[in-house]
Amino acid sequence: MEHEPTSLQRMKTAASPEQRFHEYLQSRGMRSTRQRQVLLEQVFAEHDHFDADQLIEKLPRRGSTDYVSRPTVYRTLGEFVDAGLLKKFEVDGRSVYDFDYGYPDHDHLHCQTCDRLIEFQADGLEQVLRQVAEQHGFRIKSHTLIVDGICEECFKARRRVPQRVDRI
Ligand SMILES: [Zn+2]
Ligand SMILES: [Zn+2]
C-alpha cells in the first residue's frame, strides 16, 4: 500500500493517545510493557494508514532490546483498537489500521490500481445513514465505507498507455 499522508486535521483531545492507553491498561489490570511503549511511539509518531507488515518494517530488528515479535504486534494493535485509539478495517482482504482517537470521522476512497486511500468527509452521507437507520429502527454505532475505484493519477496514467484489447 502506498504511503499517502492523511489529509484531515487532527482534533484537540483532553488526553494524549499515550495517556488514554495507560488508562485503558490500568482499567484492565494490564502493565505498560516496554514492547507496548515501543509500538505506541512508532504508531503515533506518524499519521498514516498502515497494515501490520508496514509497521513491523519500521520496528527495531530482532536482537535489539526494543524488538517486538509479530504476535505481540498483532495483539497490541488489537489493544489499540480496543482502547479506541485505532480503527481497523479490511481493504482487499488485508487489515488496515487508521487513527481514530483525536481524529474526525471520515471515509475512504480506495484506488485499486495504486492502493492508496483518500480520506473524505461528507456531511450528506451522515444524514443519509441517519435516515436509513431511522427507517429500520436501527441504532448506528459506527460505519466503515470504502469506495473502490481508480484515482485521478492512475486514471490519467492509464490513458497514456495503449489499452490492451479486452477479451470477450
Ligand atoms: Zn491510484
Ligand atoms: Zn483514514
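Residues numbered from 1 in each chain as written. Chains lettered and ligands numbered in written order. Predicted model: local features only at pLDDT ≥ 70, side-chain atom pairs only at ≥ 80, totals over all residues.

Asks: Summarise the overall build of the protein chain; cite the residues concerned and give the values.
Replies: Along the backbone of the protein chain there are six helices and five strands. A total of 168 residues make up the protein chain; the buried ones form 14% of that total. Within the protein chain, residue pairs in contact and separated by at least 24 positions form 60% of the contacts whose partners lie at least 6 positions apart. (Helix = DSSP H or I, 4+ residues; strand = E, 2+ residues; numbered from the N terminus. Buried ≥ 20, exposed ≤ 12 C-beta atoms within 10 Å, placed from the backbone. Contact = placed C-beta atoms within 7 Å.)

Asks: Describe in detail the pairing of strand β3 (residues 107–111), supporting the description with residues and values.
Replies: Pairing of β3 with strand β4 (residues 117–120) involves four bridges; the strand directions are antiparallel. Across the sheet, residue Asp107 finds its bridge partner in β4, namely Phe120. Following β3, the chain reverses through five residues before pairing antiparallel with β4; Asp115 in that reversal takes a positive phi of roughly 75°. When β3 meets strand β5 (residues 146–149), the two strands line up parallel, connected through four bridges. What sits directly across from Leu109, in β5, is Val147. (Pairing = 2+ DSSP bridges.)

Asks: Just give me the short version of the environment of Ser16, but keep the residues and values in it.
Replies: Within the secondary structure, Ser16 is located in the segment before α1 (17–27). Placed 69 residues apart in sequence, Ser16 and Leu85 show a C-alpha to C-alpha distance of 10.0 Å.

Asks: Tell me about the sheet that holds β5, and please be specific about residues and values.
Replies: Read across the sheet, three strands follow the order β4-β3-β5 without closing on themselves; strand pairing throughout is mixed. With partners counted over all chains shown, the strands left at the sheet margins are β4 and β5, one partner each. If you compare each strand with its neighbour and ignore which way they point, the axes differ by 25° on average. (Axes fitted to C-alpha atoms, helices over the stretch in contact; angles between N-to-C directions.)

Asks: Account for the nonpolar core, with residues named and values stated.
Replies: In terms of nonpolar packing, the biggest core is built from 15 residues, with Leu39, Leu77, Phe80, Leu86 and Tyr97 touching the most fellow members. Where this core is concerned, the elements lending two or more residues are α2 (34–45), α4 (70–82) and β2 (94–99). Looking at this core, the element that brings in the most residues is α2, giving four residues. Apart from residues no more than four positions distant in its own chain, Tyr97 is found in contact with His49, Phe50, Asp51, Leu77, Leu86 and Lys88. (Core = buried A, V, L, I, M, F, W, Y, C linked by C-beta atoms within 7 Å.)

Asks: Lay out helix α5 (residues 123–135) with the relevant residues and their values.
Replies: Across its 13 residues, α5 extends 19 Å between first and last C-alpha, which sits within 8% of the 18 Å expected from 1.5 Å per residue. Among the 13 residues of α5, zero are classified as buried, and the element is accordingly described as predominantly exposed. Just beyond α5, the residue with positive phi is Gly137, at close to 60°. (Expected span 1.5 Å × (residues − 1).)

Asks: Account for the environment of Leu59, with residues named and values stated.
Replies: When you line up the elements, Leu59 lands in the loop between α3 (52–58) and α4. Under the C-beta neighbour-count criterion, Leu59 is labelled partly exposed, with 18 such atoms within 10 Å. Leave out the neighbours within four places in its chain, and Leu59 touches Val38, Gln42 and Val68.

Asks: Requested: an account of unusual backbone geometry, with residues and values cited.
Replies: At Asp92, a position not held by glycine, the phi torsion is positive, near 50°. Take Asp92: it is sitting in the loop between β1 (86–91) and β2. Given 11 C-beta atoms within a 10 Å radius, Asp92 is considered exposed. Phi angles above zero are rare outside glycine, and Asp115 is one such case at about 75°. Mapped onto the elements of the fold, Asp115 is located in the loop between β3 and β4.

Asks: Help me get a handle on the pairing of β1, residues and values and all.
Replies: By the bridge criterion, six bridges tie β1 to β2 in an arrangement that is antiparallel. Bridging across to β2, Leu86 finds its partner in Phe99. Linkage of β1 to β2, two consecutive antiparallel strands, is achieved through a turn of two residues, within which Asp92 is found at a positive phi near 50°.

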